Amino acid sequence: MNILVINSGSSSLKFQIIETDQNNIDSSTDKIKVKGLIDRIGTQALAKITVPNGVEIKESIAIRDHSAALDYIFRKITSGTLNIDGIFSLSDINAVGHRVVHGGEKFSKSVLVDKSVLKEIEDCIDLAPLHNPANLKGIQAT
């Protein structure tokens with residue numbers, strides 16, 4: 001199973017695609033297939049994508065928002081130029097996980113995101129005003 005993990009910041013987006021299953025989780029042997037960072041979203045951004053096979057991309061590119069950052073990432077990881085093992089299209093990604101800074105007393109473990117979860121994260125903005133709005137942008141962009 002390939003899981004896209006996203007950490008959406010106020011002006012950055014970090015990501016990894018991790019290959020895992022229950023055996024890998026139990027033995028701590030998950031495999032990172034690709035990881036990257038887009039920094040300075042909203043201006044001339046810096047993008048860095050690294051694949052364990054040694055392929056690395058570093059680019060300066062105009063990225064207006066988190067949605068454009070994800071679009072850039074999706075285009076790069078499915079282009080074939082990175083030679084990511086087992087990733088040929090978005091359908092090769094089986095799940096998406098988002099890091100959210102503060103879930104208040106409501107969330108203490110992973111949950112499936114739906115409208116009520118988005119509302120609860122929004123209600124916790126006062127607890128993490130620099131982080132939760134950006135986390136919501138990342139979730140909404142996927």
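Predicted, not measured: the structure shown is a model, and the values here were computed from it.

(A) Inspection of the side chain of S8 at higher detail. Residue placement: S8 occurs in strand 1 (residues 2-8). Among the polar contacts made by the side chain of S8, one reaches the side chain of H66 at a distance of 3.4 Å. Setting aside residues no more than four positions away along its own chain, S8 makes contact with L13, H66, A134, N135 and G138.

(B) Inspection of the side chain of N24 at higher detail. For N24, the location among the structural elements is in helix 1 (residues 22-27). The contacts of N24, once residues within four sequence positions are left out, are E19, T29 and D30.

(C) A look at the nonpolar core. Residues L13, F15, V34, I38, I63, Y72 and I77 are the most contacted members of the largest nonpolar core, which totals 25 residues. Here this core takes 7 residues from helix 2 (residues 66-78), the largest share from any one element. Excluding anything up to four places from it in sequence, V34 contacts F15, Q16, I17, I49, T50, V51, P52, I77 and I84. Listed in part, the 5 residues of the second largest apolar core include F107, I121, L136 and I139.

(D) Expanded view of the packing of helix 3 (residues 115-123) against helix 4 (residues 132-141). At their nearest, the axes of helix 3 and helix 4 sit 9 Å apart, and the two run at 160° to each other. Compared by their axis directions, helix 3 and helix 4 come out roughly antiparallel. In the packing of helix 3 onto helix 4, the handedness of the crossing is left-handed. Residues L118, I121 and E122 of helix 3 form the contact with helix 4, whose own contacting residues are N132, L136 and I139. The residue makeup of the contact of helix 3 with helix 4, split by class, is 4 nonpolar, 1 polar and 1 charged.

(E) Summary view of the environment of I77. Considering the arrangement of structural elements, one finds I77 in helix 2. In this structure I77 comes out as buried when scored by relative accessible area, which is 2%. In this structure the C-alpha to C-alpha distance between I77 and V51, which are 26 residues apart in sequence, comes to 9.7 Å. Residues contacting I77, with those up to four places away along its chain left out, are F15, I17, V34, L82, I84, I87 and I93.

(F) Main features of the sheet that holds strand 4 (residues 43-50). With respect to topology, 6 strands assemble into an open sheet ordered 5-4-3-2-1-6, the strand pairing being mixed. The sheet is open, and its two edges are formed by strand 5 (56-63) and strand 6 (95-98), each paired on a single side. For this sheet, the mean inter-axis angle between neighbouring strands, taken without regard to orientation, is 15°.

(G) How the structure looks around the pattern of salt bridges. The tally for this structure, following the rule as stated, stands at 7 salt bridges. The residue D71 makes a salt bridge to R75 at a minimum N-O spacing of 3.1 Å. Pair noted here: D71 and R75 are both in helix 2, with a separation of 4 residues, about one helical turn. When its relative accessible area of 41% is taken as the criterion, D71 is described as partly exposed.

What counts, and where the lines are drawn
Residues numbered from 1 in each chain as written. Predicted model: local features only at pLDDT ≥ 70, side-chain atom pairs only at ≥ 80, totals over all residues. Heavy atoms only, no water. Helix = DSSP H or I, 4+ residues; strand = E, 2+ residues; numbered from the N terminus. Polar contact = N/O pair within 3.5 Å; in protein donor to acceptor, adjacent residues only side chain to side chain. Contact = heavy atoms within 4.5 Å. Core = buried A, V, L, I, M, F, W, Y, C linked by side-chain atoms within 4.5 Å. Buried < 20%, exposed > 50% of the residue type's maximum accessible area, 1.4 Å probe, protein only. Axes fitted to C-alpha atoms, helices over the stretch in contact; angles between N-to-C directions. Parallel < 35°, antiparallel > 145°, perpendicular 65-115°, else oblique. Left-handed = near helix turned anticlockwise from the far one by under 90°. Nonpolar A, V, L, I, M, F, W, Y, C, P; charged D, E, K, R; others polar. Pairing = 2+ DSSP bridges. Salt bridge = Lys/Arg side-chain N within 4 Å of Asp/Glu carboxyl O.

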